[in-house]
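Observations on the three-dimensional arrangement
Spelled out from the first residue to the last, the chains are:
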Amino acid sequence: MAAQKDLCDAIVIGAGIQGCFTAYHLARHGKRVILLEQFFLPHSRGSSHGQSRIIRRAYPEDFYTQMMDECYQIWAQLEREAGTQFHRQTGLLLLGMKENSELKTIQATLSRQGVEHQCLSAEELKQCFPNVRLARGEVGLLDKSGGVLYADRVLRALQDAIQRLGGLVRDGEKVEEIKPGQPITVRSTSRSYQARSLIITAGPWTNRLLRPLGIELPLRTLRINVCYWREKVPGSYGVSQAFPCFLGLGLSPAPHHIYGLPSGEYPGLMKVCYHHGNNADPEERDCPEAFSETQDIHILSRFIRDHLPDLEPKPAIMERCLYTNTPDEHFVLDRHPKYDNIVIGAGFSGHGFKLSPVVGKILYELSMKLTPSYDLTPFRMSRFPGLGKAHL
């Protein structure tokens, strides 16, 4: 096995969106960084593949809305650097019952943070978006800054930028061993590396890397059905018709969120998904026998019949991705409790893509022992009982 004898500043394990942005920030600040990915790029085994994601400021929590301000700036900066469009503003329409507590909290957060938004009654919503049907008591809230991120373009651009800035991207190299110390040694299937710091952004494979280091995070891997539904009239729910992204909060019959993006990825098809799934083993992610028709397809079909009548209520295409969820669905952005030159970014819970520019910046700051730009209290692993030094 070949050894990489030169000491680098940082190794990042996992070339999903969080790992890519972490390596990008390191490389932009002149650090020697190696980004390791177990699969050959591009791949569809994790959480960062596919063409599109929603971007929004609409959150119940002030800290996410505040982080999104800088995220929009970095997305725009990356667009300028790459000369490629990564973001399209469509607005984000939140749908819920008028008395829904989450909808009220989001509206209050948007008001507090000075984010442009509009409350829409059922009648106003019908005038703006005639092909959305509301049930009695349902209303809308429009986050005008919301839109679509072109995910696959972003990943390619970041990987190119990392290499242009002097970093190394090594795909098809699965990490087999991490030896803590000064420096840290990381052994992959191909070679060994040494670095002053290590950042683990390995999605569903995080605990496989952490267990030998003495900790295990309460992460749950879910397999999500990514569904595309045929428009009865092509383009009727498209960006060209000024149709927004949407997020349904607690709407019958769905106990979890339902979200959708305007048609565009596939001509004449709209992406509408259920923000939940079944427990999954990431190693079996691409095995056909691991898939089953689940209740979420029936929930989505009923939602579409009731709310999006110009879509066929049967999915035309189904793809899959993985979520890695924490119990509270907030991220883990923290140092290892015993080895302070090992940093962990995990548990992005299906809503991390839009926030990845700032997540990557925070992980860079932690790895370089800089003062974090944000209060990391919501993201400390110590919030979970049974973790920390007593667990080691």
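Everything here concerns the structure above.
The structure displayed is predicted, hence computed values, not measured ones.

Quick notes on the rules
Residues numbered from 1 in each chain as written. Predicted model: local features only at pLDDT ≥ 70, side-chain atom pairs only at ≥ 80, totals over all residues. Heavy atoms only, no water. Phe/Tyr/Trp six-rings, centres within 6.5 Å; stacked < 30°, edge-to-face > 60°. Helix = DSSP H or I, 4+ residues; strand = E, 2+ residues; numbered from the N terminus. Buried < 20%, exposed > 50% of the residue type's maximum accessible area, 1.4 Å probe, protein only. Salt bridge = Lys/Arg side-chain N within 4 Å of Asp/Glu carboxyl O. Polar contact = N/O pair within 3.5 Å; in protein donor to acceptor, adjacent residues only side chain to side chain. Contact = heavy atoms within 4.5 Å. Pairing = 2+ DSSP bridges. Axes fitted to C-alpha atoms, helices over the stretch in contact; angles between N-to-C directions. Parallel < 35°, antiparallel > 145°, perpendicular 65-115°, else oblique. Left-handed = near helix turned anticlockwise from the far one by under 90°. Expected span 1.5 Å × (residues − 1). Nonpolar A, V, L, I, M, F, W, Y, C, P; charged D, E, K, R; others polar.

With that out of the way, let us pick up the packing of aromatic side chains. One pass over the structure, following the stated rule, counts 15 aromatic pairs. Between the aromatic rings of tyrosine 64 and phenylalanine 331, the centroid separation amounts to 5.4 Å while the plane-to-plane angle is 55°, which identifies the pairing as tilted. A residue pair is termed long-range when its members are at least 10 positions apart, and tyrosine 64 in helix H2 (residues 62-82) and phenylalanine 331 in the loop between strand E18 (311-325) and strand E19 (332-335) qualify at 267 residues. Since its relative accessible area comes to 0%, phenylalanine 331 is described here as buried. Each ring, one from phenylalanine 331 and one from phenylalanine 379, has its centre 5.8 Å from the other, and the planes form 20°; the classification is stacked. Here the residue phenylalanine 331 occupies a position in the loop between E18 and E19, and phenylalanine 379 occupies one in the segment after helix H8 (356-367), the gap between them amounting to 48 residues.

Tallying each qualifying case throughout the model produces 16 salt bridges. When the shortest N-O distance is used, the salt bridge between aspartate 9 and arginine 196 registers 3.0 Å. You can see aspartate 9 sitting in strand E1 (residues 2-13) and its partner arginine 196 sitting in strand E12 (residues 191-200), a full 187 residues away along the chain. Close ionic contact of glutamate 265 with lysine 271 constitutes a salt bridge, the shortest N to O distance being 3.7 Å. Lysine 271 matches glutamate 265 in its accessibility class, with the two residues each being buried. Among the charged side chains, a network of salt bridges with common partners joins Glu176, Glu177 and Arg187.

Here the focus is unusual backbone geometry. Cis peptide bonds are those with omega within 30 degrees of zero, and the linkage from glutamine 182 to proline 183 qualifies with 5°. For proline 183, the location among the structural elements is in the loop between strand E10 (175-179) and strand E11 (184-188). The backbone of glutamate 329 shows a phi angle near 60°, a positive value even though the residue is not glycine. By the element assignment, glutamate 329 lies in the loop between E18 and E19. Of the residues examined, glutamate 329 reaches a relative accessible area of 33% and is grouped as partly exposed. In this structure, serine 349 is a non-glycine residue whose phi angle is positive, near 55°. Classification of serine 349 by relative accessible area gives buried; the value is 1%.

Quick look at the side chain of aspartate 9 now. Relative accessible area serves as the criterion here: at 16%, aspartate 9 is assigned to the buried category. A polar contact is formed between the side chain of aspartate 9 and the backbone nitrogen of arginine 32, at a distance of 2.7 Å. At 3.0 Å, the side chain of aspartate 9 and the side chain of arginine 196 are in polar contact. Non-local contacts of aspartate 9, meaning those with residues more than four positions away in its chain, are made with Lys31, Arg32, Ala195, Arg196, Ser197 and Met368.

This next bit is on the sheet that holds strand E3 (residues 52-55). One open sheet holds the 3 strands; their spatial order is E3-E8-E4, and the pairing between them is antiparallel. In this open sheet, the two edge strands, each paired with only one partner strand, are E3 and strand E4 (87-89). Each strand axis lies, on average, 25° off the axis of its neighbour in the sheet, ignoring direction. Sheet analysis places E4 next to strand E8 (residues 147-150), joined by 3 bridges and oriented antiparallel.

H2 packs onto helix H1 (residues 17-28) with a crossing angle of 70° between their chain directions and a minimal axis gap of 14 Å. Considered as vectors, H1 and H2 are oriented roughly perpendicular to each other. In this structure, H1 crosses over H2, and the sense of that crossing is left-handed. Contacts between H1 and H2 involve Phe21, Tyr24, His25 and Arg28 from the former and Ile74, Trp75, Gln77, Leu78 and Glu81 from the latter.

Under the 1.5 Å per step criterion, the end-to-end length of helix H3 (residues 101-112) is 16 Å for 12 residues, consistent within 8% with the ideal 16 Å. Looking at the buried residues of H3, the elements they touch are H2, strand E5 (92-97), strand E6 (117-120) and strand E7 (138-143). For H3, the N-terminal capping position is held by asparagine 100, with its side-chain oxygen 2.9 Å away from the main-chain nitrogen of glutamate 102.

Glancing now at the packing of H1 against H8. Following both chains from N to C, one finds H1 and H8 inclined at 55°, their axes separated by 8 Å at the closest point. Relative to H8, the element H1 lies oblique. Our pair here, H1 against H8, has a crossing hand that is right-handed. Contact residues: H1 offers Ile17, Gln18, Phe21, Thr22, His25 and Leu26, while H8 offers Ser356, Pro357, Val359, Gly360, Lys361, Leu363, Tyr364 and Ser367. Here the residues of the contact of H1 with H8 are counted per class, giving 7 nonpolar, 6 polar and 1 charged.

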